[in-house]
Amino acid sequence: MFLQFKEQVTSILDDAIRSAGFEIGDLILEPSPHADIASRVAFKLASKVKQNPKEIAEKIAAAVVIPDGSYVGKIEVTGPYLNITASRRYVDETFVRIRSEKKDFGGGFRTGSIVMEHTSANPNGPLHVGHIRNSVIGDTLTRILKRAGYDVEAQYYVNDMGRQIAIVAWALSQFEFDTAKKSDHAIADVYIKANADLEEHPEKVAGIDRRMQLVESGDEATIESFDKAVSLAISGIRETLLRMNVHHDSFVNESDFIRSGAVSSIVGEIKATGRTEIDKGALVVDLLDYGFKKTLVIQRSDGTSLYTTRDLAYHEWKGKRAERMIDVLGADHKLISGQLKATLNAIGKPEPDIVIFEFVSLPEGSMSTRRGKFITSDELFDQIEEQAYREVEKRRPEMPDEFKRQVAKVVGMGAVRYDIVKVSPEKSTVFDWKTALDFEKQGAPFIQYSNARACSILKKAEDDRIWNPGTEVDPSVLVEDTEVALIKKMALFDKVIDQSARELKPHIFAIYARELADAFNQFYRFVPVISAEEEDLRTNRLALVDCARIVLGNALDTLGIGAPEAM
RNA sequence: GGUCCCGUGGCUUAGCCAGGAUAUAGCAUCGGGCUUCUAACCCGAGGGUCAAGGGUUCGAAUCCCUUCGGGAUCGCCA
C-alpha cells in the first residue's frame, strides 16, 4: 500500500514543482517521524536555483493539488521540509486490502526469475554456527524475493570433488566411522583425524592428489568413494537445514560440470580471450584490467580443475537458467567472487550479484572444521530448545508437555533465526553461549507472542460468538492513535519488502517485523477489544486484530519463523 | 606490506551507498502499571566526544584524507 501512496505523492509533487516553476528531479522522499513521508526536495532545488529552501518549499506547497480520493491527505511545510500525511482513505483501504488479500498482502509487485545460491558448505562435516549465518541470510532473502513477486530457485552447490572431499573419502578408508552418530558429525570426526594424520605424514598427501586426478578422469571406484562421503555429510546437513526451516529447491553437484564437459568448454572460452598463460605449469588468467594484480589459477599443473573453474561453469549454467543470479558467500570469498565476476564478464557471460556476510568467530579465534574448532548448529539448536522449554515452563506450567515441547521448538528456532538475521551482514560477530541462549525480549518470541495474542483474542471472540471472520466491516470507526498507527505500520509491508529485495538486505525486514509487533502491542494495551462497549466498534477492532494476525503471520513466514497460535 | 569490511551510551544494534528537522531500537539499571482480551507486555527516567585527528560544505554519524583498533584476504584450498 505504501508503494502506491508514494507513487501518488510523487505524481502530486512533480506537478506542484513544475507549476511552481521549478525543474523536477529527485524528490528525496523518505518516511519521517514528522509525517508519513517527507521530502527534502527544497534543499536540492535551493542550491540549483539559488533561493531560500524554505521559500521554495512554501511555493511548492502552495501549488499542490490533491485529487479526490487520493491516498494523500495533506502536504504541509515545516521549514524547508514538505511533510506529507496520508488520507483516511489510505488507512481504510489498507484495512480492506489486508482482509481480502490475506497471505498475499504486501507483495507480488515484481516479476522475473532468480537463482539464489546459499549455504553451499563443504560436505566435510556438519553445519557450524558460522555456516548458518549464510543459511539464514540466504533463506530469508529467498523468502523476501518470493514475496516481492520473483520466481526464485534456491540452490545448494555441493562440492563433491574438491581436496577436502578427497580427504574425507580417504579418511573413510582409514578410520572407523561411528554409525551411532549423526552422519555429518561422524564425517567430521574422520576428516579431523585425517587432517592431523596428513600433517604428521606429509608423504601421504600424494595419495590425496592421486584421488583428485582419478575422480576427475572418471575412475568409477574413486567416484563412488567420493559420492559415499558426500552423501553421508549432505544427508546430515539436510536434516539440520530442515530443522531450521531452510529450504533448497535443488542440490547441484560440482562434478556434473566436469562430466558434462562444461568445465573444459569454459576453459576453452577463456583461453580464446588470449588472457591465459602457463605459470609454473598451471593455467592462469590475467585480470589486471579488472583491477586484480594477481592472476587467477584455473587449472593445476597436473591438469585438474579447481573450485573456481567449476564455479565458472556452474555460473554459466545458472545464467542460462534464470534472469538473475544471487550468491550468498562468506567474507573469505570476497576476492575470489570478484575474480569470478571479472572472468565471466571477460567471456561475455552474465555475472551474479554477491551478498557477502562477515565471519562468525569463537572467543578463542576463528572456526575451522579441519582442526575441529567449531560449534555445531545441532548443538546450538538443542541448547536453545532446552532454554526455550524452561521459558515456556515458567509461563505456562499448567499446559501439557506436548504443548511446551512444541512451543519450545518453534520459539527456540525463531530466536536463533531472528538473532542472526537482525544484524546487518557486514558486521563480524563473536559467538558466545551466554548471548546465544539469552532470549532477548524483543526478538522473535516478541513477534511470535504478538501473533499468538491476536490469535487468542480472535479465538475467545469466536467462542463468545461475538466474532465471525466474514463479517462486514467499516474501518472508519477506528480512530484511536494506536489503531491508525498499527494500520499505517501494516501498510508499510510492501515498502519494506521492496527495499530489502532491492538492497538484498534481510535485516531491514527483520527490524520492520519487530516494529510491527510493537505497534500491535501498543494497540493491545491502549484499547479494549472484546470488552469494547459499542458493538460496531468491537467488531471493527476484532477485524483489526484479524488484520494484525494476517500481517504478523506474513512477516513471520517471510522470516522463516513459525507462528504458534498459542504460547 | 597491499586490498576489502567493521568501529555509534556498560553490552548488542539501526541510520552511512543517494549529507539536512531533537542520532534508532533492544538488553542491562532505576521508577510506574496485571479483579479487565496471555505481563514473553505496556508507560516513564537516566545514560552518547557517532574510534581519534584533519578536510569538503550553509550543514557531516553519513562524503574525502590520515591514524589507531578488530575481522577477512593476498595463485595451483574452498
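Scroll up to find the structure this text is about.
Residues numbered from 1 in each chain as written. Chains lettered and ligands numbered in written order. Predicted model: local features only at pLDDT ≥ 70, side-chain atom pairs only at ≥ 80, totals over all residues. Heavy atoms only, no water.

Participant: Help me get a handle on the environment of threonine 240, residues and values and all.
Facilitator: Within the fold, threonine 240 resides in helix α9 (residues 220–243). Residues threonine 240 and leucine 127 lie 113 residues apart in sequence; the distance between their C-alpha atoms is 7.5 Å. With sequence-adjacent residues up to four places away left out, threonine 240 is seen in contact with Leu127, Lys182, Asp184, Ser377, Asp378 and Phe381. (Helix = DSSP H or I, 4+ residues; strand = E, 2+ residues; numbered from the N terminus. Contact = heavy atoms within 4.5 Å.)

Participant: Please give an account of the packing of aromatic side chains that cites residues and values.
Facilitator: One pass over the structure, following the stated rule, counts 18 aromatic pairs. Both rings, one in phenylalanine 431 and one in tryptophan 433, keep their centres 5.2 Å apart while their planes meet at 85 degrees; by these two values the pair is edge-to-face. A relative accessible area of 28% places tryptophan 433 in the partly exposed class. A ring pair is formed by phenylalanine 493 and phenylalanine 509, whose centres lie 5.4 Å apart and whose planes are at 80 degrees; its orientation type is edge-to-face. On the criterion of sequence distance, the pair formed by phenylalanine 493 in helix α19 (residues 493–503) and phenylalanine 509 in helix α20 (residues 506–526) is long-range, its members being 16 residues apart. Phenylalanine 493 sits in the buried class, given a relative accessible area of 0%. (Phe/Tyr/Trp six-rings, centres within 6.5 Å; stacked < 30°, edge-to-face > 60°. Buried < 20%, exposed > 50% of the residue type's maximum accessible area, 1.4 Å probe, protein only.)

Participant: Now, about the sheet that holds strand β12 (residues 353–357): what can you tell me, with residues and values included?
Facilitator: Across the sheet, five strands lie side by side as β7-β6-β5-β11-β12; this open sheet has parallel pairing. Of all strands in the sheet, those bounded by a partner on one side alone are β7 (250–253) and β12. Each strand of the sheet is rotated relative to its neighbour by a mean of 25 degrees, with strand direction disregarded. Of the strand pairs in this sheet, strand β6 (residues 151–158) and β7 are connected by four bridges, and their pairing is parallel. Within β7, the position partnered with valine 158 by the bridge is asparagine 253. Each of β5 (113–117), β6, β11 (324–330) and β12 touches helix α5 (residues 131–148); the most contacted strand, β11, lies at about 155 degrees to it. Helix α13 (residues 334–346) rests against β11 and β12 of the sheet, and its axis sits at about 175 degrees to β12. (Pairing = 2+ DSSP bridges. Axes fitted to C-alpha atoms, helices over the stretch in contact; angles between N-to-C directions.)

Participant: Tell me about the pairing of strand β2 (residues 35–39), and name the residues and values.
Facilitator: Regular strands place side chains that alternate from one sheet face to the opposite one. Here β2 lies mainly inside the structure; five of its five residues are buried. Remark: two residues form the turn of the hairpin made by strand β1 (residues 29–32) and β2, two consecutive strands paired antiparallel. By the bridge criterion, three bridges tie β2 to strand β4 (residues 81–86) in an arrangement that is antiparallel. Across the sheet, the residue bridging to serine 39 is leucine 82, located in β4.

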